[in-house]
Amino acid sequence: MGADKPVPISLDGVRDKNIMQLKKLNVALFPVRYNDKYYADALASGDFTKLAYYSDICVGAIACRLEKKEGGAVRLYIMTLGVLAPYRGLGIGTKLLTHALDLSLKQSISEIYLHVQTNNEDAINFYKKFGFEITETIQNYYTNITPPDCFALTKYLLQPPQKK
């Protein structure tokens, strides 16, 4: 009877002692290699960067960077969010993104944005479900992957900027 019991999904912070988990996930998930600045930014973002565990197996992560805007406001940049293929569709990506959205609201962060390769329809549709909108197309954003173009997707959590 207990076979239908949901497997717990837990999130854990990224620290020096487990940053290799994030590095291994990134190699498996993304066609891009990330430099030391990426990992320094991920560590500096504190609670915004999380590893996701499914039944105690590290299967996904979100890595973020906090950016100061003119006027002192802070926005959140989602550098990466990914879940290993066999574990997709189980709510892990949703849990990671919801964590970042909730934490942003608590810290009065008004804007979250990210870049997605233009042919990554699964990711684009995933973010649109959470209210992200395509706000820009950037030509030749990526090097060494095809297509090289990306969309910037943005979600405004508080008041969106007024159009002039």
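For clarity, every value in this text was computed on a predicted model and none was experimentally measured.

We now examine the pattern of salt bridges. Going through the model one piece at a time under the given rule, you end up with eight salt bridges. Here aspartate 41 makes a salt bridge to lysine 37, at a shortest N to O gap of 2.8 Å. Taken together, the positions of aspartate 41 and lysine 37, both in helix H2 (residues 36-44) and four residues apart, correspond to about one turn of that helix. The salt bridge involving arginine 65 is made with aspartate 41; its shortest N-O contact spans 3.7 Å. Of this pair, arginine 65 sits in strand E3 (residues 57-68) while aspartate 41 sits in helix H2, and the two are 24 residues apart along the sequence. On the basis of relative accessibility, which here comes to 22%, the residue arginine 65 falls in the partly exposed class.

It is worth spelling out the layout of surface pockets at this point. Its volume calculated, the largest pocket comes out at about 1,100 Å³. Lining the largest pocket are 38 residues, with Phe30, Leu81, Gly82, Asn120 and Tyr127 sitting closest to its centre. Secondary structure elements with two or more residues in the lining of the largest pocket: H2, strand E4 (74-83), helix H3 (92-106), strand E5 (111-117) and helix H4 (121-129). For the lining of the largest pocket, the element with the most residues is E4, which contributes seven residues. The residue makeup of the lining of the largest pocket, split by class, is 21 nonpolar, 10 polar and seven charged.

What follows concerns the pairing of strand E7 (residues 150-156). Counting buried positions along E7 yields six of seven residues, so the element is predominantly enclosed. Where strand E6 (residues 133-138) and E7 come together, five bridges link them in antiparallel fashion. Within the sheet, the bridge partner assigned to threonine 137 lies in E7 and is phenylalanine 151.

Cut-off values and rules
- Residue positions within a chain follow its written sequence, with the count starting from 1.
- For this predicted model, a pLDDT threshold of at least 70 governs which residues receive local features, and a threshold of 80 or more governs which side-chain atom pairs are given and counted, while totals over whole chains, interfaces and linings are taken from all residues.
- Note: side-chain values were computed over all heavy atoms of the structure, leaving out hydrogens and water.
- We define a salt bridge as a contact between a side-chain nitrogen of Lys or Arg and a carboxyl oxygen of Asp or Glu at a distance within 4 Å.
- Only DSSP runs of H or I with at least four residues qualify as helices, and only runs of E with at least two residues qualify as strands; both kinds are numbered from the N terminus onward.
- Categorising residues by exposure relies on relative accessible area from a 1.4 Å probe, with only protein chains included: less than 20% of the type maximum marks a residue as buried, more than 50% marks it as exposed, and the intermediate range marks it as partly exposed.
- A 1.4 Å probe that fits into a set of points on a 1 Å grid over the protein atoms alone but cannot get out defines a cavity; an open set with protein on both sides within 12 Å along at least five of seven lines defines a pocket, and lining residues are those with an atom within 4 Å of a point.
- Grid points are joined across faces, edges and corners, and a volume is the space filled by probe spheres set on the points.
- Any residue that is not Ala, Val, Leu, Ile, Met, Phe, Trp, Tyr, Cys, Pro, Asp, Glu, Lys or Arg is counted as polar, Gly included; the first ten are nonpolar and the last four charged.
- What makes two strands pair is DSSP finding at least two bridges between them.

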